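# Tertiary structure, described
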Amino acid sequence: MGFSKLWLDYRKLADTRRRVIISCDHSLKDSAAFEELKIAMASMVPEAIVVWKSEVFDDDSYLIVMTIHPELAEEEYDIAASENITEICAGSETGLLYGVFAFLRQTALSGKFCSFTAHSKPSQPIRMLNHWDEADGDIERGYSGKSFFFINEELEINERTVMYARLMASIGINGVVINNVNVRRKAKLLLSIEFAESLANLGELFARYGIKLFICPDFAAPKTICGLDTADPLDENVIEWWNTTCALVFGKIKNLGGFLVKADSEGEPGPMAYGRTHADGANMLARAIKPYGGIVIWRCFVYNCTQDWRDKKTDRACASYENFIGLDGQFDDNVYLQAKNGPVDFQIREPVHPLFGAMKNTNMIIEFQLAQEYTGQQKHVCWLIPMFKEIMEHHTCHDLPDDRVSRIVRGVAAVANTGDSYCWTGSELAAANLYGYGRLLFDENLTCDELAEEWTRLTFGDDEKVTAAVKEILLGSKQAYEDYTVPLGIGWMCHPNDHYGPSPWGYEFDRWGTYNRADRDAVGVDRSASGSGYSEQYAPALAEVYGDISKCPDELLLFFHRVPYTHRLHSGKTVIQHIYDTHFEGYAKAEHFAELWHGLEGKIDDRTFKNGCERFAEQLRCAKEWRDIINCFFHRLSGIDDENGREIY
Ligand code: GCV
């Protein structure tokens, strides 16, 4: 199967020059930065020859100078561009590559060589993608086809992998976890000799593009690989096995950055089975890989998934904080705790995870989900960047010099939305999530409007009608999705297991701790101090806001409180009227987006157009189901009619 070049499909410039000279030290001639310039120039100025250095520099030449300046940080770069010469300086080869991509982006957006200056270094030091790929080629929560890393239980390196590395470097991704956090079947052998060579090769490819390779090891590997009868992190034989294995593995795989671990969660093995803590487990691994500069990323997604729905005291939202807060300060310095953006599980609306700001002596990473598990599965357009930005800018109200999430975390990860589909992300428009994610981590000052514009123009070219329509769709899509699906932060009204489409009670009488408690009188979960107490996990100023019905923001009301349908929101509407209105409006917005898309026929290539048409048809079908089922559900429960007399079935 072929693949598209996404935003790296360099188009011809309005330029007739015959020669592009790349001037750099001899040692940079084999670098990815040099190679990228050659690839790009061949498409952008196809009549020109590309040469390394040259005595001749005339009106028919464009000169690109690349230098490494040790006084710049590794990933930092400076660009001074004019219509005839561009100088790119950076702190390392990776920094140069970032500078080259920035120069190419600006040139592509301008359609010609132009004058500009740029100075940049990443806002976030760790910028990761977590792939949930299985060794057999399936992808957990994958909506874009099969894995392109694992084919027939082997790790593949091919043209697509190279394109992937280029794409990721172009948006500044510097760490990639290639396998699922649920370590199953053959993936349990990733640390064995069987995978060593292919992992080493993939690591080498990634290194060329400034990307560290990470894997999810099987925490129970001392048992599954070595045959010990325990994986207890304090057992001497277990420690010895990890030390020896990591020495071998890191010795072979030079660019291995470390491990991502999901422990004691949803059936995955972990230290708690042996009466040990998460800190015991994480530190044991961290010590085994410390000599090689490795880090352990340990997930905080830990909760009881065998809950009894009748039990109203246990609240899944509380679990992550309860499991980790007492361990603050106990993790080694090469351990990073990775918490999801919200306390439950990537719903379209959740409050920000309460561990951010509370774990004052622990390295924290925030985890987002690009794979649209709960947000339309890449059949619905749902551009998540406004949500990511809002979360990163959120004030935790903890007593810190800068209390925003973006300043608290040491890095960001996201569950990848890619697969082996032609356009990488199943839906052509879903690639905008991947692009926006990487770019935002590199430069947190970019606005949503700028990010939408950049991606749209790099992907579709400069037709103003296309840019305007696609931007309007992207920028409005997340709110539309929230409107026609789950109201006011309640979450989980989707079909169990596959998490697609409406099922208001699908998760109500189940073991997952995901309830809306809707009945004829009221809806929502009381998580205030007098309820489950979840609101108290926040810093006092926020706890007060979330815990008080009269102060709680509308969009989170049902996450924190149980209220009657006639409760009046800050917006002035009652809860029930808000539900009806948003569901009608959300569907109408989806219809409008589909119309905008159909208006682009002939202006974008047929494959892309058709891909969008198919997906919008499904989005509309499903959005209508959401609208009608959710409205009907609440109408039947509450017995309250829509003020505007619209049809509720
Ligand atoms: C990888 C949710 C998803 C699971 C996923 C899990 C996690 O529960 O439905 O598929 O497992 O989150 O993040 O570990």
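Residues numbered from 1 in each chain as written. Predicted model: local features only at pLDDT ≥ 70, side-chain atom pairs only at ≥ 80, totals over all residues. Heavy atoms only, no water.

This part is about the overall build of the protein chain. A tally of regular secondary structure across the protein chain gives 17 helices and 18 strands. For the protein chain, the C-alpha radius of gyration of 26 Å lies close to 26 Å, the compact-globule estimate for 649 residues. If one aligns the C-alpha atoms of the protein chain with their principal axes, the spans along those axes are about 85 × 65 × 50 Å. When the 66 basic and 97 acidic side-chain charges of the protein chain are each reduced to a single mean position, those positions are 1 Å apart. (Helix = DSSP H or I, 4+ residues; strand = E, 2+ residues; numbered from the N terminus. Rg over C-alpha atoms; globule rule 2.2 N^0.38 Å. Lys, Arg positive; Asp, Glu negative; His and termini not counted. Charge placed at Lys NZ, Arg CZ, Asp CG, Glu CD.)

Turning next to the UniProt feature "domain: Glycosyl hydrolase family 67 C-terminal" (unreviewed entry) in the protein chain. Mapped onto the present numbering, the UniProt feature "domain: Glycosyl hydrolase family 67 C-terminal" (unreviewed entry) falls at residues 425–646. Strand forms 2% of residues 425–646 and helix 52%; the C-alpha atoms that close the span are 37 Å apart. (UniProt positions renumbered as here; feature names shortened; annotations may be inferred.)

A few words now on the pattern of salt bridges. Tallied over the full model, the rule gives 44 salt bridges. Residues Glu 75 and Arg 127 are paired through a salt bridge, measuring 2.8 Å at the closest nitrogen-oxygen approach. Here the residue Glu 75 occupies a position in the loop between strand S3 (61–68) and strand S4 (77–81), and Arg 127 occupies one in strand S7 (residues 126–130), the gap between them amounting to 52 residues. Neither residue differs from the other here; Glu 75 and Arg 127 are each classed as buried. A salt bridge links Arg 185 to Asp 136; its shortest N-O distance comes to 3.3 Å. Within this pair, whereas Arg 185 is found in the loop between strand S10 (175–177) and helix H4 (193–208), its partner Asp 136 is found in the loop between S7 and strand S8 (150–151), the two being separated by 49 residues in sequence. (Salt bridge = Lys/Arg side-chain N within 4 Å of Asp/Glu carboxyl O. Buried < 20%, exposed > 50% of the residue type's maximum accessible area, 1.4 Å probe, protein only.)

Another point: the environment of Trp 242. Position of Trp 242 relative to the elements: it lies in helix H6 (residues 236–252). Its relative accessible area of 0% is what places Trp 242 among the buried residues. When the C-alpha atoms of Trp 242 and Met 284 are compared, they prove to be 8.4 Å apart, with 42 residues separating the residues in sequence. For Trp 242, the contacting residues outside a window of four places in its chain are Leu 191, Pro 217, Asp 218, Phe 219, Ala 221, Pro 222, Phe 259, Met 284, Leu 285 and Ala 288. (Contact = heavy atoms within 4.5 Å.)

A word on the packing of aromatic side chains. Centre distance and the angle of the planes are the two values used to describe a pair of aromatic rings. Taken as a whole, this structure holds 41 aromatic pairs when the rule is applied. Consider the rings of Phe 368 and Phe 388, whose centres lie 4.2 Å apart with planes at 25°: the pair is stacked. Placement of Phe 368 in strand S15 (residues 363–369) and of Phe 388 in helix H9 (residues 385–392) is noted, with a sequence separation of 20 residues between them. Classification of Phe 368 by relative accessible area gives buried; the value is 1%. Between Tyr 534 and Tyr 538, the aromatic rings sit 5.5 Å apart at their centres with planes inclined by 90°, giving edge-to-face as the arrangement. Comparing Tyr 534 with Tyr 538, the two get one shared label, buried. Chaining the aromatic ring pairs together yields one cluster made of Phe 3, Phe 148, Phe 149, Tyr 164, Phe 206 and Trp 424. (Phe/Tyr/Trp six-rings, centres within 6.5 Å; stacked < 30°, edge-to-face > 60°.)

The next subject is the site of the ligand. Every one of the 15 residues lining the ligand counts as a neighbour, but Glu 140, Lys 262, Arg 299, Lys 340 and Glu 373 are closest to it. Arg 141 places a side-chain nitrogen or oxygen 2.9 Å from an oxygen atom of the ligand. The separation between an oxygen atom of the ligand and a polar side-chain atom of Asn 182 is 3.1 Å. Starting from 340 Å² of accessible surface for the ligand in isolation, the protein chains cover 96%. A breakdown of the residues in the shell around the ligand according to their chemical character gives four nonpolar, three polar and eight charged. (Near = heavy atom within 4 Å. Polar contact = N/O pair within 3.5 Å; in protein donor to acceptor, adjacent residues only side chain to side chain. Areas by Shrake-Rupley, 256 points an atom, 1.4 Å probe, with all protein chains shown as cover. Nonpolar A, V, L, I, M, F, W, Y, C, P; charged D, E, K, R; others polar.)

Residues Tyr 77, Ile 79 and Ala 81 point to one face of S4 and are all buried, whereas Asp 78 and Ala 80, pointing to the other face, are not buried. The sheet contact formed by S4 and strand S5 (residues 85–90) spans five bridges and is antiparallel. Bridge pairing in S5 links Ile 79 to Ile 88. Count of turn residues in the S4/S5 antiparallel hairpin: three residues. Sheet analysis places S4 next to strand S6 (residues 116–120), joined by five bridges and oriented antiparallel. Residue pairing across strands places Ala 81 opposite Phe 116, the latter belonging to S6. (Pairing = 2+ DSSP bridges.)

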